[in-house]
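This is what each chain is made of:
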Amino acid sequence: MNLFGMQISVLKGFAGVCLALLTAGFANSASMSSDHSLYEELQGPFDSIEDINTACVGCHNLSESELHDTIHWQWDGKLDVINNYHPNVASNSNACGSCHIGYGLPKNLTGGIEPAAVDCLACHDTSGEYFFSRFHQDGAECTMCHDDGAKALKNQVDEEGYRFKNFSLAEMAQMVGETSVASCGSCHFFDGGADGAKHGDLDSALINATFEMDVHMSAEGANLSCSDCHQTVDHKMAGSLYSFAGPTDDGHVSALKGPQATCVSCHGLAPMKDERLNEHTDTIACETCHIPTYARNGIATKTSWDWSTAGKLARKQKPLIHYDDEGRVTYSSQKGDMSYGEDLTPVYRWFNGEMNYQGVGMSVDPAQLNEINSPQGSAEDGKSKIYPFHQFESQLPYDTATNQLLPIHLAGSDRTAFWNGYQWVDSLQAGADAVGMEFSGEYGFTSTVMSRVINHTVAPAEMALNCNDCHTAPSAMAGIAGLYTPGTNQPGWLTKVGLGIALITLIGVLLHGFLRIIFSYRRK
Amino acid sequence: MSEAKRIYLFKRFERIWHWSQAVLIILMMLTGFEIHGLYSLFGFAKAVDIHSTSAWILMVLWVLSIFWHFTTGEFRHYLPSMKGVIPQVQYYLVGIFSGAEKPFHATEQAKHNPLQRLAYLGVSAFLLPLVWISGLGYLFYNELADSWLQSLGLGLSEIALIHTVAAFLVLIFLVAHLYLITTGKTVGQHTRSMITGWEEVSEEESIKN
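Keep in mind the model is a prediction, meaning the values are calculated, not measured. (Residues numbered from 1 in each chain as written. Chains lettered and ligands numbered in written order. Predicted model: local features only at pLDDT ≥ 70, side-chain atom pairs only at ≥ 80, totals over all residues. Heavy atoms only, no water.)

**So, the overall build of chain A**
Next, step 1: Within chain A, the regular secondary structure consists of 19 helices and 13 strands.
Next, step 2: Every one of the 524 residues in chain A was classed for burial, and the buried ones make up 45%.
Next, step 3: For chain A, the share of sequence-separated contacts (at least 6 apart) that also reach a separation of at least 24 residues comes to 71%.
Next, step 4: Per element, the accessible surface of chain A, about 26100 Å² overall, is 56% carbon and sulfur. (Helix = DSSP H or I, 4+ residues; strand = E, 2+ residues; numbered from the N terminus. Buried < 20%, exposed > 50% of the residue type's maximum accessible area, 1.4 Å probe, protein only. Contact = heavy atoms within 4.5 Å. Areas by Shrake-Rupley, 256 points an atom, 1.4 Å probe, with all protein chains shown as cover.)

Structure (structure tokens):
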């Protein structure tokens, strides 16, 4: 029975690998079938980056309308929910807009993002220069990606010169191609204020990942790119937490559809050689064992952020910046105190794929740790598994009269923006005005926690959690409601009573034997 | 002293069964209590492997021994009866110290004393099946959970609880058993007969029975 099961799982694994190779092959042949450098439309010269878009959509005439329908354009979810890093998009569209795939966001985003020209090269640049230059030349707020406003990098730039100035717009347009780890990472690696700061499982080391960092993305491993798993249909991306499906989906995916952004879509539910390990997959998500720690690529992720200390200024109203020994920003006047961690052990909890998010103005209890988002699920709902999470705590401003979190107006050209004027009342009032909230003028700071599910940086099998990690005390699964983990979960009284009676029996028989010896000597 | 007489109490299969069961049960206790989390000896993974492999061997042995007991009629040695139980208890509590005559002497017709008869019946008809059934529930929990285990209100923790309670009872039985086999005519008498199959009884005793 075991042997049979093993063959099945080996076959499944093999099928998964074939599928990955097959789709990787398709991807390559697609980019090989046309040479964009030969197209007349792309010969340039281009005066502006918008002109490149005009050239692109001249042939790809459906792409824009497709993209307008995607999360990368609409930011559905992101626009309405808050996080506890840079808490809200509202009123900060200038700063947030550097990561939008258009050419700048309108100031007021309350009604969603209207269709407009799409910046194709934001994702399809292969030179590595385009999106880098775009961030640095279109007036993006430095502080969004660099906690110290890139102060530390300025010396480097002075010494080494600008990193990229090799290609003209026309050359970059001719080099258009598939998305890459680097192009996706230009937004997804640097959000939260620094490399790897927000997603403990996504950082720039993945561009040249080693096998230990990520078995899927490293060249020695599967050598996959982001889009090999996050496949698109009409530019719609698979695997977003906002869509309440994807990373936790157990459904089978047709091979013709290509892999979805789930472990199971390539590996199935019984991918391991040991059937006993496969028995775990009904309860334990793959990631839980196979991403034993995160932020382990030599790049730290943020573990906490205290906005309440932001705004302290040095003499002459100059902003302060403190670094730790590793060069990480531990305090900046723009942001407050921040702390970091590497090689972190996740927090484990039940998750059924549904994440409850909160919006601007969320009610808080200042005496408690408030959940900014809460992964749904339990042992009883029949569809949850235990997933690894990065838990991030921060102190956020709230209105002490109404106990509602307040949006912060961070960036812009006006003095009410916190990063210009460093006045909480002004920036909270401006933030509240932007979303139509009342602000009493009295504010405080309250503790919040956010849970981010960890899906990337799958480690080599030898590094995965082993039996002892969960089945001997202290168990990695300790304290998870409704989970029975053999070896650690039995009631204390059972051992005490069981061993107690056995011990009494032992003492009893030893005493009996002792008396036998005494009496037999007496009889002699 | 009367002359000694030897009777053949334990057949070859019975002895092989007894000793392989002894080894397997001790191995399962060692690994089982490690899985329970009492100590670390083999490591959890190895302990689970040894525990389940031994379990399968033991279950095969169990089926064979049921077959053997019924086809040879040996099951009669385990038919429950209260006859002679009280004198046997009195002997263990009092007589054994004063050097009184044993109330029971083994014969080919009744190789176990009345107390043994009940204890062994209890162990093999109730306790060990409880271990095996709960153990199978444990092994096949995923396959059986949805179909009927959960409808019986048995989650993995309940099954594990039953299994562990049974295991402690087996441990208690083992302690008592290891001691009581020293209460023969000599300390090693019962052990020797379980090894060779032969038990020495005096002529006088065999006549009396």
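That covers the picture; the talk isn't over yet.
**Describing the pairing of strand β3 (residues 301–306) of chain A**
Next, step 1: Sheet analysis places β3(A) next to strand β6 (residues 336–341) of chain A, joined by five bridges and oriented antiparallel. Bridge pairing in β6(A) links S304(A) to S339(A). (Pairing = 2+ DSSP bridges.)

**Considering the confidence of the model for chain A**
Residue and element names in this part refer to chain A.
Next, step 1: On average, residues of chain A carry a pLDDT of 87, and 90% of them reach 70 or more.
Next, step 2: When mean pLDDT is compared element by element in chain A, β3 scores highest at 97, while helix α1 (residues 2–32) scores lowest at 44.
Next, step 3: Note on residues 1–31: pLDDT is under 50 here. Beyond four places in sequence and across chains, it has 24 contacts. (pLDDT = per-residue confidence, 0-100.)

**Observations regarding the UniProt feature "transmembrane region" (unreviewed entry) in chain B**
Residues and elements named next belong to chain B.
Next, step 1: UniProt marks residues 21–42, 54–73, 118–141 and 161–182 with the feature "transmembrane region" (unreviewed entry), using the numbering shown here.
Next, step 2: As a span, residues 21–42 carries 73% helix and 0% strand, and end to end its C-alpha atoms are 21 Å apart.
Next, step 3: Counting secondary structure, residues 54–73 comes out at 95% helix and 0% strand; the distance between its end C-alpha atoms is 28 Å. (UniProt positions renumbered as here; feature names shortened; annotations may be inferred.)

**Quick notes on the domain arrangement of chain A**
Next, step 1: When the domains of chain A are assigned, the result is domain 1 (301–471) and domain 2 (490–524).
Next, step 2: On a C-alpha basis, the centres of domain 1 of chain A and domain 2 of chain A stand 60 Å from each other. (Domains from an automatic or database assignment.)

**Structural notes on the UniProt feature "transmembrane region" (unreviewed entry) in chain A**
Next, step 1: On the UniProt side, "transmembrane region" (unreviewed entry) is annotated at positions that read residues 497–519 of chain A here.
Next, step 2: The straight-line gap between the two end C-alpha atoms of residues 497–519 of chain A is 33 Å; of that span, 100% is helix and 0% is strand.

**What to know about the interface of chain A and chain B**
Frequently, the measure chosen for interface size is the accessible area removed from exposure when the parts meet.
Next, step 1: Facing 29 residues of chain A, the contacting portion of chain B comprises 34 residues.
Next, step 2: For the chain A and chain B pair, buried surface summed over both sides reaches about 2700 Å², with 67% attributable to carbon and sulfur atoms.
Next, step 3: Taken together, the links from chain A to chain B amount to one salt bridge.
Next, step 4: Residue D49(B) pairs with R276(A) through a salt bridge whose shortest N-O separation is 3.2 Å.
Next, step 5: Run the count over chain A and chain B and you get 15 residue pairs in polar contact (both at pLDDT 80 or more).
Next, step 6: Only α18 (467–471) and α19 (492–523) of chain A provide two or more residues apiece to the side of chain A that touches chain B.
Next, step 7: Looking at the side of chain A that touches chain B residue by residue, the classes come out as 14 nonpolar, 10 polar and five charged. (Buried area = accessible area lost by both parts, 1.4 Å probe. Salt bridge = Lys/Arg side-chain N within 4 Å of Asp/Glu carboxyl O. Polar contact = N/O pair within 3.5 Å; in protein donor to acceptor, adjacent residues only side chain to side chain. Nonpolar A, V, L, I, M, F, W, Y, C, P; charged D, E, K, R; others polar.)

**Observations concerning a nonpolar patch on the surface**
Next, step 1: Side chains of L499(A), I26(B), L30(B), L38(B), Y39(B), L41(B) and F42(B) sit close together on the surface and give an oily, nonpolar patch of about 550 Å² of accessible area.
Next, step 2: Tracing the sequence through the fold places F42(B) in the loop between α1 (12–36) and α2 (44–72). (Patch = residues over 30% accessible without salt bridge, like charges linked within 9 Å, V, L, I, M, F, W, Y side chains within 5 Å.)

**Description of the environment of L169(A)**
Residue and element names in this part refer to chain A.
Next, step 1: Tracing the backbone shows L169 in helix α10 (residues 169–174).
Next, step 2: A relative accessible area of 22% places L169 in the partly exposed class.
Next, step 3: Taking the C-alpha atoms as reference points, L169 and I71, separated by 98 residues in sequence, lie 27 Å from one another.
Next, step 4: Every residue in contact with L169, bar those within four places of it in the chain, is listed here: F46, D47, S48, I49 and I52.

**Observations concerning the nonpolar core**
All names here are of chain A.
Next, step 1: By size, the foremost hydrophobic cluster in this structure holds 44 residues, and its most contacted members are W307, L405 and F418.
Next, step 2: Looking at this core, the elements that each hand over two or more residues are α5 (93–96), α8 (142–145), β6, β11 (385–399), α16 (418–421) and α17 (424–435).
Next, step 3: If near-sequence neighbours (up to four positions away) are discounted, F418 is found in contact with A310, G311, S333, Q334, I408, H409, L410, Q423, W424 and S427. (Core = buried A, V, L, I, M, F, W, Y, C linked by side-chain atoms within 4.5 Å.)

**Some points on the packing of aromatic side chains**
Next, step 1: A full pass over the atoms with the stated rule returns 20 aromatic pairs over all chains.
Next, step 2: Ring geometry for Y120(B) versus F173(B): centroids 6.4 Å apart, planes at 75°, classification edge-to-face. With a gap of 53 residues between them, Y120(B) in helix α4 (residues 114–139) and F173(B) in helix α6 (residues 156–180) connect regions that are remote in the sequence.
Next, step 3: The exposure class of Y120(B) is buried, given its relative accessible area of 17%.
Next, step 4: Residue placement shows K198(A) over the ring face of Y85(A); its charged tip is 5.6 Å from the ring centre.
Next, step 5: Of note, R522(A) hangs over the ring of F519(A), and the distance from its end group to the ring centre comes to 5.7 Å. (Phe/Tyr/Trp six-rings, centres within 6.5 Å; stacked < 30°, edge-to-face > 60°. Lys NZ or Arg CZ within 6 Å of the ring centre and 35° of its normal.)

**Section: the pattern of salt bridges**
Next, step 1: Across all of its chains, the model carries 11 salt bridges over all chains by this definition.
Next, step 2: For K335(A), the salt bridge identified is with D147(A), shortest N-O distance 2.7 Å. Separated by 188 residues along the polypeptide, K335(A) in the loop between β5 (329–332) and β6 and D147(A) in the loop between α8 and α9 (151–160) bring together distant segments of the chain.
Next, step 3: Here the residues in one salt-bridge network are K11(B), E14(B), E74(B) and K111(B), joined through shared partners.

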